[in-house]
Amino acid sequence: MEKFNTIRSKAVFLSLENIDTDQIIPARFLKSTTRDGFGENLFRDWRFNPDGSKKQDFVLNNEEGSILIAGRNFGCGSSREHAAWALFDYGFRVIISSFFADIFKNNALNNGLLPVQVPEEFLNGLFNNHTSNPQLKVDLVSQSVSYQNQDVVSTKFEISPYKKHCMLKGLTDFDFLVSQRKAIELFESERA
């Protein structure tokens with residue numbers, strides 16, 4: 001997994017609420033056994049016409065950035081890990097919303113994608129200022145997200161200390177266990 005510290009990027013604004021995992025990556029694209037290639041079908045039914053041409057009015061076809069800002073209840077629906085894979089493969093590193101489905105949130109964290117849950121007022125402020133598309137700064141160390149309006153606007157977010165440690169170090173759960181090998185062996189030898 002890639003190390004995560006600070007991201008500075010313009011954002012892609014998707015103001016819809018209750019975006020479920022089937023909208024993020026439709027079930028018909030879940031045939032692969034590797035994580036690669038899912039990004040090309042991210043929001044497939046929203047990004048493309050039935051003939052495969054791009055829908056010109058869909059935001060992902062017009063905006064770029066490594067931060068996705070979405071409405072409340074992002075990642076609801078089925079528990080497919082492929083949704084996090086698709087977002088990451090497309091190039092997103094941060095998703096900002098006022099609420100995430102728990103399973104999606106855990107899947108995102110397990111795959112190097114940072115779900116940042118912010119207060120509703122802060123999210124509304126982002127959407128109200130999206131036409132100027134300010135550059136956002138997401139800092140995992142200080143657990144803060146900020147942007148420049150007339151003043152700097154910022155808020156804090158929560159993350160489990162364990163997942164924060166893993167993301168900062170670029171560790172999967174397995175990598176973390178391997179890094180604790182000596183401590184585990186010592187513990188086991190004391191219990192023998």
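In this report, we go over the structure that sits alongside the text. Chains are numbered independently. Their residues run from 1 in the order of the written sequence. In keeping with the model being predicted, local features are shown solely for residues with a pLDDT of at least 70 and side-chain atom pairs are shown and tallied solely at 80 or more, while totals for entire chains, interfaces and linings include all residues. Side-chain descriptors were evaluated using all non-hydrogen atoms of the structure, hydrogens and water having been removed beforehand.

Residue alternation in strand 3 (residues 67–70) divides its side chains into two sets, Ile67 and Ile69 and Leu68 and Ala70, and both sets are buried. Note on pairing: two strands pair once DSSP finds at least 2 bridges between them. Secondary structure elements follow DSSP: runs of H or I no shorter than four residues count as helices, runs of E no shorter than two count as strands, and numbering proceeds from the N terminus. Note that strand 2 (residues 11–14) and strand 3 share four bridges and pair parallel. The residue bridging Phe13 from the neighbouring strand is Ile69, located in strand 3. In this view, the connection linking strand 3 to its parallel neighbour strand 4 (residues 94–97) by way of helix 3 (residues 82–90) has right-handed handedness. Only protein chains enter the accessibility calculation, which uses a 1.4 Å probe; a residue whose area is less than 20% of its type maximum is buried, one above 50% is exposed, and one in between is partly exposed. When the strands point away from the viewer and the path from the first strand over the helix to the second turns clockwise, the crossover is right-handed.

This brings us to the pattern of salt bridges. Salt bridges are identified by distance alone: a Lys or Arg side-chain nitrogen within 4 Å of an Asp or Glu carboxyl oxygen. Taken as a whole, this structure holds six salt bridges when the rule is applied. With a closest N to O distance of 2.5 Å, Asp45 and Arg28 form a salt bridge. Residue Asp45 is located in helix 2 (residues 44–47), and its partner Arg28 is located in the loop between helix 1 (21–24) and helix 2; the two are separated by 17 residues in the primary sequence. Taking relative accessible area as the criterion, Asp45 reaches 40% and is therefore assigned partly exposed. With relative accessibility at 44%, the residue Arg28 sits in the partly exposed group.

With that settled, consider the environment of Gly37. Mapped onto the fold, Gly37 is located in the loop between helix 1 and helix 2. Gly37 gets classed as partly exposed once you look at its relative accessible area, which sits at 31%. Along the primary structure Gly37 and Trp85 are separated by 48 residues, whereas in three dimensions their C-alpha atoms are 8.8 Å apart.

We now examine the nonpolar core. The term nonpolar core refers to a set of buried residues drawn from Ala, Val, Leu, Ile, Met, Phe, Trp, Tyr and Cys, joined through side-chain atoms within 4.5 Å. Judged by nonpolar contacts, the single largest core of 27 residues is most densely connected at Ile24, Phe43, Leu68, Phe74, Leu87, Phe92 and Phe104. Contributing elements (two or more residues each) for this core: strand 2, strand 3, helix 3 and helix 4 (102–110). In terms of residue count, helix 3 provides more of this core than any other element does, five residues in total. Note on contacts: a residue pair qualifies if any of its non-hydrogen atoms lie within 4.5 Å across the two residues. Ignoring anything within four residues of it in the chain, the contact list for Phe43 reads Leu14, Ile19, Gln23, Ile24, Phe58, Leu60, Leu68, Phe74 and Leu87. Counting residues in hydrophobic clusters, the runner-up holds 24 residues, among them Ala11, Leu123, Phe127 and Val138.

With that out of the way, let us pick up the side chain of Ser66. Here Ser66 is to be found in the loop between helix 2 and strand 3. You can call Ser66 buried: its relative accessible area is 17%. Leaving out residues up to four positions away in the same chain, Ser66 has contacts with Ile7, Ser9, Lys10, Gly91, Phe92, Arg93 and Val94.

Spatially, the four strands line up as an open sheet ordered 1-6-7-8, and their pairing is antiparallel. On the outer flanks of this sheet lie strand 1 (6–9) and strand 8 (152–156), each paired with one strand and no other. On average, each strand axis in the sheet is inclined to that of its neighbour by 15°, with strand direction left out of account. Where strand 7 (residues 144–148) lies against strand 8, five bridges are found, and the strand directions are antiparallel. Bridge pairing in strand 8 links Tyr147 to Val153. Comment: axis = line fitted to C-alpha atoms, over the contacting stretch for helices; angle = value between 0 and 180 degrees taken between N-to-C directions.

Side-chain rings of Phe, Tyr and Trp (the six-membered ring for Trp) are treated as a pair once their centres are within 6.5 Å; stacked means planes under 30 degrees apart, edge-to-face means over 60, and tilted covers the remaining angles. A full pass over the atoms with the stated rule returns 11 aromatic pairs. By way of ring pairs, the aromatic residues Phe43, Trp46 and Phe58 are connected into one cluster. For Arg44, the ring lying beneath its charged end belongs to Phe48, and the centroid distance is 4.2 Å. Put simply, a charge is over a ring when the Lys NZ or the Arg CZ is close to the ring centre, within 6 Å, and near the line of the ring normal, within 35 degrees. It is Arg93 that lies over the ring of Phe88; its NZ or CZ is 3.6 Å from the centre.

Pairing is parallel in the open sheet, where four strands are placed in the order 2-3-4-5. The outermost strands of the open sheet, each flanked by one partner alone, are strand 2 and strand 5 (114–117). When strand polarity is set aside, the average angle formed by the axes of neighbouring strands in this sheet is 20°. Summarising the sheet, strand 4 and strand 5 pair through four bridges and their orientation is parallel. Considered in strand 5, the bridge of Ser97 is made with Gln117.

The analysis is restricted to geometry; functional conclusions fall outside its scope.
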